[in-house]
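Per-entry structural report
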Amino acid sequence: MLDHGGPGRRADAHRPAAWVRTRLRSARAAALLTAVLALVTVFAAAALPRAADRGADDALGRFVLDRGVKATSLHLTARPLPGTRAADLDAQRERLVHRIGADLPLTRDGEHHGTRALADRPMPGDGYDRPGGIAPQLHLLHLEDLAEHATLTEGGWPGPAQPGEPLPIAVSGRAAESIRLRVGDVIDSGPVEDGPARGAPARVRIVGVYQADDPRERFWQDLPCPERACLKTLDGGGVRWETAGVVGGEALPALLAWGGGGEDFWRLPLDPHALRADRLADLRAGVGAYLAGPGAIEAATAAGRPDLSLSSLLPEVLADATTRHQATAPLAAIGPAGVAGVATVVLCLAAALAADRRAAELRLLQARGGSRTGILLRLLGENAVTVLPAAVAGAALALLLLPAPRWTAAVLAAGATTLLALLALPVRAAALLARPGPADGRGTHARRRLVGELLVLAVTAAAVAEVRRRGAAPPGTGPDPLLVAAPPLVALTGGLLLARVQPWLVGRLAAAARRGRGLIAFLGLARTARDTAGRRRPAVLPILALLLAVTTAGFGATVLDTVDGARLRAARTAVGGDAAVLVPPDAPLPEPFLTAAAALPGVRAASPVRIERQTYVLGAGRLAVQTTAVVVEPRAYAEIARTVGAGPFDPALLAAPPGGPDAPVPALVSPGLAERLPAGPQRLRTPGGELLATVTGSVAATPALPEAIREFIVLPVGPATARLPELARADNWFAVGDVDGDRLRTLFTHSGLADATGLAELLREEAREVSREPDGIPDGYRVRTSHEVDAELAADPLQHSTVRLFRAAAAAGTGFALLAVLLTVLRASPDRAALLARLRTMGLRPRQGLTLIIAETLPQTLAAVAGGAVVATAAVALLGPAFDLSLLVGATVDDALAPLAAPVLRPAAVLALLVCAAVVLEALVSGRRQIAAELRAGEQR
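All chains use their own residue numbering, which begins from 1 and follows the written sequence. Totals for whole chains, interfaces and linings use all residues, but because this is a predicted model, local features are given only for residues with pLDDT of at least 70 and pairs of side-chain atoms are given and counted only at 80 or more. Only hydrogens and water are set aside when side-chain values are computed; all heavy atoms of the structure are taken into account.

Think of it this way: a Phe, Tyr or Trp ring, Trp meaning its six-membered ring, pairs with another when their centres are within 6.5 Å, and the plane angle makes it stacked under 30 degrees, edge-to-face over 60, tilted otherwise. Considering all chains together, one arrives at six aromatic pairs under this definition. Measuring from centroid to centroid gives 5.1 Å for Phe219 and Trp220, while their planes differ by 85°, and the two rings are edge-to-face. Taken as a pair, Phe219 and Trp220 share a single burial class, namely buried. Members of the aromatic cluster, joined through ring pairs, are Phe593, Trp733, Phe748 and Tyr781. The ring centre of Phe63 lies 4.3 Å from the NZ or CZ of Arg67, which sits over that ring. In this scheme, Lys NZ or Arg CZ marks a charge over a ring once it lies within 6 Å of the ring centre and within 35 degrees of the ring normal. Cation over ring: Arg116 sits above Phe265, and NZ or CZ is 4.4 Å from the ring centre. Residue burial is assigned from relative accessible area. The probe radius is 1.4 Å, only protein chains are included, and a residue is buried under 20% of its type maximum, exposed over 50%, and partly exposed in between.

Dropping the structure here:
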């Protein structure tokens, strides 16, 4: 042999090429698809926990914020120390914030501190407004940082108190206007009656007037009206103005003398945006430590105030938030669990298809002396080059696009998905390269498959039985793994059952098609029957992917549809119809408003209602029975009761009696009252007089009293008001139909409020000031519609978070299921193209080729989608009683999760359409290939 280059050169010439590089160069499309699949799957695995965490944290923050600053703050108080200055309060505040802020997230929004007088004192000036004949009341306090929240409009800020001179104060401009206060006024409240300054004159001088920059700012909340004058109704009757004046930091001793003592206070609100749902237990423990534990001692020591007292409503707020979070956690986890199942199936399917495509190559390598371990390690290395960079990119993308304080769950999910993507192909290849033993064969494989399927069936049955037996996990135990895993287990069992039934079903269809005239349908169904039997490529995994996707989407859609329906029913029950107007009993609704409201567009039935709570049934036993009389228009109210579903009745039961004006009035009573009443007419006593009533029926509920805690009686407006005209003064109005809340509210504002003057007008203005109703409707007057209440219930951030997660999971599951179908179709595309090419040489027309592909592909796909719809319905029927939908509804409801056709069919139909479109598109692409190119390709692919 000739040596042309020396030993070193000869060694280089015989060095084998790198396996991974060669494989990636020879199968670039497969490597690219593997990388894309890994990126998408790892991104979804990391994104879902991040989305769930972000939604839970946002829901918790909004829930705490909606409770108000008073309920979500630590309130600290202490007795003033002799010689305390405003600077000392600031320093103590800094130390308290530093100490408590190390354990609890605090915010400056809504924080305030200062000193307040213990006693209020009257303002006896003759020129001051006295709406109830009672002198206005003044409270004094010192508020640090007041100038940052208010603007001085007249005079100056109060300074130090001079000996023998009145204490300088400032009042709000709104209080000055309401009470008629002026700069320079000296208010002498008489001698101090208690405290160290007993007997000294309690005098103040108004030196300035300020205006609150935002009267509804959290800073002003829970203070004795320093931003305006409040009209207070006294327990013994009468009303008076009350407001607070502010003093300067240099006048704290004079403030304490004027008030007979005082109290230093600090309010430290929790920052709702810094709260984390996963640390609620730690937060509750930290708050508890400061309320009754070592934290209280540490705070007192840090502030240098041994008598420091802490109080808060936070334990109740956080306990409620914890209960809500734990109750919705299983519902929120079902969607991601279904997506995890579909993604796992897709990764396994991709690995199975890749291994089957390379089965001949791997067996050839093994036959030429390659060890199974060496081959598997090379496959692992080949997979690592494509999977690891894509997985890292997917995880990083999820972490960047969805920022959240927690990353452990996302990283663990991404790591588990990456490991599955890495090992799926080598594990499948190991199964292909395993040398069968003498006892192995088709029968052994069938027995192992049967045992595995029976095991899955047993686990699913046990899970469903246990969930139905005990329901959801009790509060405080966190997400219930069994409840979360039950729907995917039901889908897995349904998929295995469908995989068993489908070959037989498709075989019967093929046999039926064979008796027909054409051969196209028979040929397609015959190939499908062979493929579903598992002779050529994996048949169970695509079915499982579709079933899991449809089951997850159908189950979630059923939950959401049930919640929407239950929420609307709860809203109607709370309102008493589709629209309601409620006014105080002493301010009845004017007749023009009742007429105009009944004529509003969309109103189907409307009834004015008088609710008389001081009604007694005389002669029912030895004592009179107190009840609530509801006086209604029978026909309209019967329609309202039927629509709401609260005590429907036949309006003929309340028809006017034929016996004339002296005949007893017909009445419907609650069941409890019916049991206590003797036979015959009943005497009813109301504040307006007495009347006789005859019980004509019983109803379990009535729309006007959605939460009745007392027995009630329903009377018709005609006969009842003829005897007692007082009952004709309607203080409620109920209607059903598509009522526009804005138009109703505008009508009520213009014609539903009776004209008020003097004290009544002042009371109404005060009611407007504290009211949460829109359009200036006073407190105590309510205009509501079921659509608005429904929207309020649906605005719960926890519901929004759960619904968004459900929908994201359904979309992700659908995408992965479609990907599983595309993988299967693409894997079969070369064989199908070769078949079409051969058949074209025999005279097969292009349209017949498309029909053949559809007949081969769609039956198993549509069967899987239909099976998924059936499994989703079965999962709802089996697991529905275990779910409490009250928190998702926003109100306590008795609605159970029951199977519904529409929410299951919608995702199934969408997935079926997408799959059909993908199959037809691939068929069109395959049909365009040249016959000659396919024939030259030969049999090896």
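Another point: the confidence of the model for the chain. Note on scores: pLDDT gives the predictor's confidence for each residue, bounded by 0 and 100. For the chain, per-residue confidence averages 82 on the pLDDT scale, and 84% of positions sit at 70 or higher. The helix and strand labels rest on DSSP assignments: H or I over at least four residues marks a helix, E over at least two residues marks a strand, and numbering proceeds from the N terminus. Considering each helix and strand of the chain separately, the mean pLDDT is smallest for helix α1 (residues 6-13), with a value of 48, and largest for strand β6 (residues 167-172), with 95. Of the regions scoring below 50 in pLDDT, residues 1-14 engages in one contact with residues more than four places distant in sequence or in other chains. In what follows, a contact means two residues having at least one pair of non-hydrogen atoms within 4.5 Å.

This next bit is on the packing of helix α11 (residues 372-401) against helix α12 (residues 408-433). Contact geometry for α11 and α12: axes closest at 9 Å, N-to-C directions at 155°. Judged by the inter-axis angle, α11 sits roughly antiparallel to α12. Like other packed secondary-structure pairs, α11 and α12 cross with a definite hand, here right-handed. Across the interface between the two elements, Arg372, Ile375, Leu376, Leu379, Leu380, Asn383, Ala384, Val387, Leu388, Ala391, Ala395 and Leu399 from α11 touch Ala410, Ala414, Thr418, Ala421, Leu422, Leu423, Leu425, Pro426, Ala429, Ala430 and Leu433 from α12. Axes here refer to lines fitted to C-alpha atoms; in helices the fit is confined to the stretch in contact. Angles between the N-to-C directions go from 0 to 180 degrees. For classification purposes, an angle smaller than 35 degrees is called roughly parallel, one larger than 145 roughly antiparallel, one from 65 to 115 roughly perpendicular, and anything else oblique. For a crossing to be left-handed, the near helix must be turned anticlockwise from the far one by less than a right angle; the clockwise case is right-handed.

Moving on: the pattern of salt bridges. Salt bridges are identified by distance alone: a Lys or Arg side-chain nitrogen within 4 Å of an Asp or Glu carboxyl oxygen. Applying the stated criterion to the full structure yields 34 salt bridges. One salt bridge in this structure joins Glu94 and Arg93, with 2.6 Å as the shortest N-O distance. Arg745 serves as the salt-bridge partner of Glu788, at 2.8 Å between the closest nitrogen and oxygen. With Glu788 in helix α23 (residues 786-794) and Arg745 in helix α21 (residues 741-752), this pair connects stretches of sequence that are 43 residues apart. By relative accessible area, which is 24% here, Glu788 ends up partly exposed. Linked through salt bridges whose partners overlap, the residues forming this network are Asp53, Asp57, Arg276, Asp278 and Arg406.

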